[in-house]
Amino acid sequence: MKVNPVDGSIDLPDHVDSSGVKPMSYEEEQLIRVFYEQKIQEVCTAFKFPHKIQATAIIYFKRFYLQWSVMEHQPKNIMLTCVYASCKVEENHVSAEELGKGIQQDHEIILNNEMVLLKSLDFDLIVYAPYRSIEGFIDDLEGFCRAGNGAFQRLKELHQMAISHADKMMLTDAPLLYTPGQLALAALHKCNDILKVFDFERYLETIFSRQHSNCTIEQFVQSINAINYLVDQLKMPSVKDMRHLDRKLRHCWDPSSRDEHKKKEKKSKHKSKRTSTDAQL
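Conventions we followed
- Residues numbered from 1 in each chain as written.
- Predicted model: local features only at pLDDT ≥ 70, side-chain atom pairs only at ≥ 80, totals over all residues.
- Heavy atoms only, no water.
- Core = buried A, V, L, I, M, F, W, Y, C linked by side-chain atoms within 4.5 Å.
- Buried < 20%, exposed > 50% of the residue type's maximum accessible area, 1.4 Å probe, protein only.
- Helix = DSSP H or I, 4+ residues; strand = E, 2+ residues; numbered from the N terminus.
- Phe/Tyr/Trp six-rings, centres within 6.5 Å; stacked < 30°, edge-to-face > 60°.

- For the protein chain, the name recorded in an unreviewed UniProt entry is Cyclin-H1-1, with Urochloa decumbens as its organism.

Dropping the structure here:
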């Protein structure tokens, strides 16, 4: 099976009946990608990896599927390979065997997809995430707020909330469109609206006064608003959504599985009908 890169249609071998196969829509592929990006976060949390590994793996995953469709490469396998590769790059090496054992998956799947992933990334493996930038801005804000004991505690709360918001940002297209500094300030802006720790507009003016930038404050605020809009529009797939999408994706990979699924449904209906008839008798 091959996916036409122009219109997304599926080219099947002559012996396979393609009449019942429908390719995934853009929206459906996006839901699947978001689901597995969230799984990357869960796997990294389970292994207690630092945020930089989680962020690197997600960006690898996003960049991989800029070139490929989920109908061409199974996202579950690519997800695991992205985590494995990010551990290597961020110098927190975990063996494929250890990673596979920890999540009860065959480590050979990870190794078999490693070169496919690296080639798709053009071996450009250095990426940047907003978490270090958030830490830097929090340190800078301590001086800006002239933080006493009370203000320091509020900045700590702001820091934790901004990291959680950045985790949501990583599930959108924002990491591919904006710089880590923009993402960090967007997270701080959103969380500061809730906690009211400092005057964000005045702080933004002090940042721009310290550096020469071609971008105006108004343009920068527009970028921040655009980032937070992407987060607000983020749709997380439900369990019901994923059951439907997983079944459809398996039909795309193996069209014959559709017929088998229909046979199982008919058999199940026939069995339940026969059971109800016997109960009446």
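Once the structure has been displayed, the description carries forward.
Considering the nonpolar core
Right, so step 1: Core analysis: the largest hydrophobic core is formed by 71 residues, its most contacted members being Val83, Leu158 and Leu185.
Right, so step 2: No other element matches the nine residues that helix H2 (residues 51-67) contributes to this core.

Topic: unusual backbone geometry
Right, so step 1: The residue Asp122 is not glycine, and still its phi comes out positive at about 55°.
Right, so step 2: Locating Asp122 in the fold gives a position in the loop between helix H5 (107-120) and helix H6 (130-144).
Right, so step 3: Here the phi dihedral of Phe123 falls at roughly 60°; this positive angle occurs in a residue that is not glycine.
Right, so step 4: Relative to the elements of secondary structure, Phe123 occurs in the loop between H5 and H6.

Looking at the packing of aromatic side chains
Right, so step 1: Taken as a whole and assessed by the stated rule, the structure comprises 10 aromatic pairs.
Right, so step 2: Look at Phe137 and Tyr203: their rings are 6.5 Å apart centre to centre, the planes differ by 85°, and that puts the pair in the edge-to-face class. One end of the pair, Phe137, is in helix H6; the other, Tyr203, is in helix H10 (residues 200-209), and 66 residues separate them in sequence. Each of the two residues, Phe137 as well as Tyr203, counts as buried.
Right, so step 3: Cluster of aromatic residues (ring-pair linked, three or more members): Phe137, Phe144, Phe198, Phe200 and Tyr203.

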